[in-house]
Amino acid sequence: MSYATPPGWYPDTGAPGLERWWDGTAWTAHTRPLAAAPVAPPRPAAPAVEFGPPSLPLPRRRDPHAGSGGGNRIRILAITLSGMLVLGAAVTGVILLGRDEGGTTVTPTTTGSAPAPAPTATVTTSAQPEPDADPSVLVDQLNGVTLPVPEGWEKPEYGTQGVPTIRTEQSYDCPGGSSFCYHGTVTTHTARSAETAPKALAEADIATAADKAYGEDGLGRRLHGGIRSHQVLEGRELTVAGRTGYLVRWKVTTGKGPGGYVQSLAFPSSVGSETPVIVRFAFDAGVAELPLSLMDTITRGIRPLGDSATGGGVGASIGP
């Protein structure tokens, strides 16, 4: 049985020193500096060599009937043994009294056991962080941004089309039948186009945003009866998460139901290779809890990942 590699940051074998984002099925254009590996603690010094008398065979007991030659051999062995004992003691004294190059007294280790193996430094890939526990903040790890979650909205565990999503809590039967819909949704995406200019990206994406929200779904169903026409409400430059971005907003008329409003917002990511981010908005028309000003409020609340302003419940004060 094979298991798919989970999405996350992994070392880029083609670019030493960088990590690249794996989205679960393919490598993306997102890169970032490789996370530093933990430093292994210094290896303990090897124990000093202990010196002592060498192991020699004991002299044989003299045969009382042997000649004087046996006594000479014993005396020679005794002198040799004494000399070696003196030499061993002298060497041991030098070690005990000697100092290393830094002036520190060298102390021999008294145990003869082998030193414990030093921990081996291991390089671990950056695991994908757990989703932020704060229900008022949506965290998009890949694109390096956070979005505020308005009151009455939720961030589902599995977002629309597998991308980070926030949406209104209550669903309803779609006007075209066959499924259920939400009055408001906001999703974040990585720009796949070779174009990087925010204005060009937003202008090119708005038709896709409208079709995803009010045209055909992934199964070819027209949940709102299809799009009959649209009206451009605005297109302007603005600052998003500290970067210069651009938004385009349409009003969409559908074959069934009240239609709605869609917006495409494009801006450079604040992480890695700064691949552009696209945020798509879709609000049903005629819903009092979804004024167009809420689109602006959510847009102003977008922050770079790790920004201190994202802590403490960014979306807590956001209401319709």
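Residues numbered from 1 in each chain as written. Predicted model: local features only at pLDDT ≥ 70, side-chain atom pairs only at ≥ 80, totals over all residues. Heavy atoms only, no water.

Enquirer: What am I meant to see in helix H2 (residues 198–214) here?
Expert: Within an α-helix, residues lying three or four positions from one another point in the same direction, as the helix has 3.6 residues per turn. If you check H2, its first and last C-alpha atoms are 24 Å apart, about what 17 residues at 1.5 Å a residue would give, namely 24 Å. Restricting attention to buried positions, one finds in H2 the residues Pro 198, Leu 201, Ala 202, Asp 205, Ile 206, Ala 209, Ala 210 and Tyr 214. Among the structural elements, strand S11 (227–240), strand S12 (243–254), strand S13 (260–268) and strand S14 (276–284) are those in contact with the buried residues of H2. (Helix = DSSP H or I, 4+ residues; strand = E, 2+ residues; numbered from the N terminus. Expected span 1.5 Å × (residues − 1). Buried < 20%, exposed > 50% of the residue type's maximum accessible area, 1.4 Å probe, protein only. Contact = heavy atoms within 4.5 Å.)

Enquirer: Can you walk me through unusual backbone geometry in this structure?
Expert: Outside of glycine, negative phi angles account for most residues, and trans bonds account for most peptide bonds. The backbone phi angle of Ala 241 is positive, close to 55°, even though this residue is not glycine. Among the secondary structure elements, Ala 241 is positioned in the loop between S11 and S12. A residue is classified by how much of its surface remains accessible, and Ala 241, at 14% relative accessible area, is buried.

Enquirer: Just checking my understanding: could you explain the packing of aromatic side chains for this structure?
Expert: Working definition: an aromatic ring pair is given by the centre-to-centre distance plus the angle between the planes. Counted under the stated rule, the structure contains five aromatic pairs. With 6.4 Å between their ring centres and 80° between their planes, Tyr 10 and Trp 27 make a pair best called edge-to-face. Pair noted here: Tyr 10 is in strand S1 (residues 8–11) and Trp 27 is in strand S3 (residues 27–33), with a separation of 17 residues, a long-range link. Judged by relative accessible area, Tyr 10 falls into the buried class, the value being 17%. Judged by relative accessible area, which is 47%, Trp 27 ranks as partly exposed. Taken together, a centroid distance of 6.0 Å and an interplanar angle of 80° make the contact between Phe 180 and Tyr 182 edge-to-face. The exposure class assigned to Phe 180 is partly exposed, which follows from its relative accessible area of 49%. An aromatic cluster is present here, built from Tyr 10, Trp 22 and Trp 27 joined pairwise through their rings. (Phe/Tyr/Trp six-rings, centres within 6.5 Å; stacked < 30°, edge-to-face > 60°.)

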